[in-house]
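Here are the chains, one letter per residue:
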Amino acid sequence: MENLRHFRSSMTFGFYLLMSFCFTGQALALSDGDKVAIGTEVTIIYRAARGVVAKSQRLINDASKGDKGLSADVVIAKMKENYKKETGNNFKMADSESLKGQAQTALLDSISSVMNHAQALINEKGKGLKGFLPAIFAKQMGDGFNKNMEGKAYIKLTAPKNYVRNRANRPDKWEANVVETKFKDTGYEKNKVFTENAKHKGKDAFRLILPEYYKEACLNCHGDPKGTKDITGGKKEGGKLGELGGAISFVIYD
Ligand code: HEC
């Protein structure tokens, strides 16, 4: 009897050990499909938030107005509207233990912190052009995300090598190669993400990159005549409507 009870309890213990091993194992071993889903979610939020800042440029640069009403909460609420337009679904936080949930939190926290820091700049009355551009916001949002993710994931806005203005946005070798050999290939399907298991900053990783194209509004600054100054004082690239103008690069480390 005593033996049997002992046998049972050690079976139970063994069973729990096995199950917890399975669950931890599962949590660590994300499939490529899971990683694509996480990358898709993060890049959709990233673009949805940048879209809010893009659409608010006139408001942000309105010298006659003080408070622009563009708080962190407002930007996040509008981001969620854009998210719904893009996906057809309401934005929903995933389980906070999952990498998806952690990435969502990291990005939302970064958006809040960037917007909180930007309040003084964007609410300054009497100042027109503020330089709080979509690409600048995107850079800051990405930097915050990367910091918050503590080496688990990474995001960056980049561009074709010859179009990069801010050196911090230059493509790495892998990104430049995908841009030149895939995205610029005439047969490459528009808007299609490219994914690959490849190194990033020397570490094994899952990499995803999404092409972006110049729209009419971009050409005021990135279009013709090439070399002339845009309103920010930067040099226009001579980019054409529909041409590849940038890429969002996302990484999950193994
Ligand atoms: C008001 C001018 C202006 C408009 C409009 C504009 N950009 Fe930019 N863009 C800039 C500036 C200035 C930078 C450099 C930002 C920096 O210094 O970090 C930049 C940076 C970028 C970058 C990052 C790579 C780099 O060069 O550092 C991408 C990608 C980009 N723009 C794409 C676009 C796209 C796509 C659109 C339209 C949806 C657009 N931009 C609209 C001025 C503009």
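Each remark here, short or long, concerns the structure printed above.
Reading the values: the criteria
Residues numbered from 1 in each chain as written. Predicted model: local features only at pLDDT ≥ 70, side-chain atom pairs only at ≥ 80, totals over all residues. Heavy atoms only, no water. Axes fitted to C-alpha atoms, helices over the stretch in contact; angles between N-to-C directions. Helix = DSSP H or I, 4+ residues; strand = E, 2+ residues; numbered from the N terminus. Parallel < 35°, antiparallel > 145°, perpendicular 65-115°, else oblique. Left-handed = near helix turned anticlockwise from the far one by under 90°. Contact = heavy atoms within 4.5 Å. Nonpolar A, V, L, I, M, F, W, Y, C, P; charged D, E, K, R; others polar. Near = heavy atom within 4 Å. Polar contact = N/O pair within 3.5 Å; in protein donor to acceptor, adjacent residues only side chain to side chain. Salt bridge = Lys/Arg side-chain N within 4 Å of Asp/Glu carboxyl O. Expected span 1.5 Å × (residues − 1). Buried < 20%, exposed > 50% of the residue type's maximum accessible area, 1.4 Å probe, protein only. Donors = N, O, S within 2.8 Å, 3.2 Å for Na, K, Ca; no water. Phe/Tyr/Trp six-rings, centres within 6.5 Å; stacked < 30°, edge-to-face > 60°. Lys NZ or Arg CZ within 6 Å of the ring centre and 35° of its normal. Pairing = 2+ DSSP bridges.

A. Molecular detail of the packing of helix 2 (residues 32–55) against helix 5 (residues 99–122). Two numbers describe how helix 2 lies on helix 5: the axes approach to 10 Å, and their chain directions differ by 15°. If you check the angle between helix 2 and helix 5, you find them roughly parallel. Crossing of helix 2 over helix 5 shows right-handed handedness. Residues Ile38, Glu41, Val42, Ile45, Tyr46 and Ala49 of helix 2 pack against Leu99, Lys100, Ala103, Gln104, Leu107, Leu108 and Ile111 of helix 5. Residues of the contact of helix 2 with helix 5, tallied by class, amount to 10 nonpolar, 1 polar and 2 charged.

B. Fine view of the site of the ligand. In the vicinity of the ligand there are 19 residues, among which Arg165, Asn169, Cys218, Cys221 and His222 approach most closely. In the environment of the ligand, an oxygen atom lies 2.7 Å from a nitrogen or oxygen atom belonging to the backbone of Arg165. In this structure, a nitrogen atom belonging to the ligand sits 2.8 Å away from a side-chain N or O atom of His222. Elements supplying a minimum of two residues to the shell around the ligand: helix 6 (134–148), strand 1 (153–158), helix 8 (219–222) and strand 4 (244–253). A class-by-class count of the residues in the shell around the ligand yields 11 nonpolar, 7 polar and 1 charged.

C. Just the pattern of salt bridges, in detail. The final tally for this structure, using the stated rule, is 12 salt bridges. Notably, a salt bridge pairs Asp143 with Lys139, separated by 2.6 Å at the nearest N-O pair. Within this pair, Asp143 and its partner Lys139 are both found in helix 6, separated by 4 residues, close to a single helical turn. By sharing partners, the salt bridges in this structure join Lys156, Asp172, Glu175 and Arg207 into a single network.

D. Fine view of the environment of Tyr213. As for its position among the elements, Tyr213 is in strand 3 (residues 203–213). Separated by 27 residues in sequence, Tyr213 and Lys240 have C-alpha atoms that sit 9.1 Å apart. When sequence neighbours within four positions are dropped, the list of residues in contact with Tyr213 reads Glu189, Lys190, Asn191, Gly242, Glu243, Leu244 and Gly245. Within the structure, the side chain of Tyr213 is placed 2.9 Å from the backbone nitrogen of Asn191, a separation counted as a polar contact.

E. View of helix 6. Under the 1.5 Å per step criterion, the end-to-end length of helix 6 is 21 Å for 15 residues, consistent within 8% with the ideal 21 Å. Every buried residue of helix 6 is accounted for by Phe137, Ala138, Met141, Gly142, Gly144, Phe145 and Asn146. At its buried positions, helix 6 is contacted by helix 2, helix 5, strand 1 and strand 4. Downstream of helix 6 by one or two residues, Glu150 has phi in the positive range, about 45°.

F. How the structure looks around the coordination of the iron atom of the ligand. On the protein, His222 (NE2) is the one donor atom to the iron atom of the ligand, at 2.0 Å. Mapped onto the elements of the fold, His222 is located in helix 8.

G. Spatial organisation of the packing of aromatic side chains. Going through the model one piece at a time under the given rule, you end up with 6 aromatic pairs. Relative to Tyr214, the ring of Tyr163 lies with its centre 5.9 Å away and its plane at 35°, an arrangement referred to as tilted. Of the two residues, Tyr163 sits in the loop between strand 1 and helix 7 (173–183) while Tyr214 sits in the loop between strand 3 and helix 8, which places them 51 residues apart along the sequence. Judged by its relative accessible area of 11%, Tyr163 falls in the buried class. Ring centres 6.1 Å apart and planes at 40° place the aromatic pair Trp174 and Phe194 in the tilted group. Separated by 20 residues along the polypeptide, Trp174 in helix 7 and Phe194 in strand 2 (residues 194–200) bring together distant segments of the chain. With respect to class, Trp174 is no different from Phe194; both count as buried. Seen from the ring of Tyr213, Lys190 lies directly overhead, with NZ or CZ sitting 4.2 Å from the centre.

H. Representation of the sheet that holds strand 4. Spatial strand order, 1-4-3-2: 4 strands in an open sheet with antiparallel pairing. The open sheet has two edge strands, strand 1 and strand 2, and neither has a second partner. Neighbour-to-neighbour, the strand axes of the sheet open up by a mean angle of 25°, direction not taken into account. In this structure, strand 2 lies alongside strand 3, joined through 7 bridges in antiparallel fashion. Following the sheet pairing, His200 is matched in strand 3 by Lys203. In this fold helix 6 packs onto strand 1 and strand 4, with an angle of close to 165° to the strand it touches most, strand 1.

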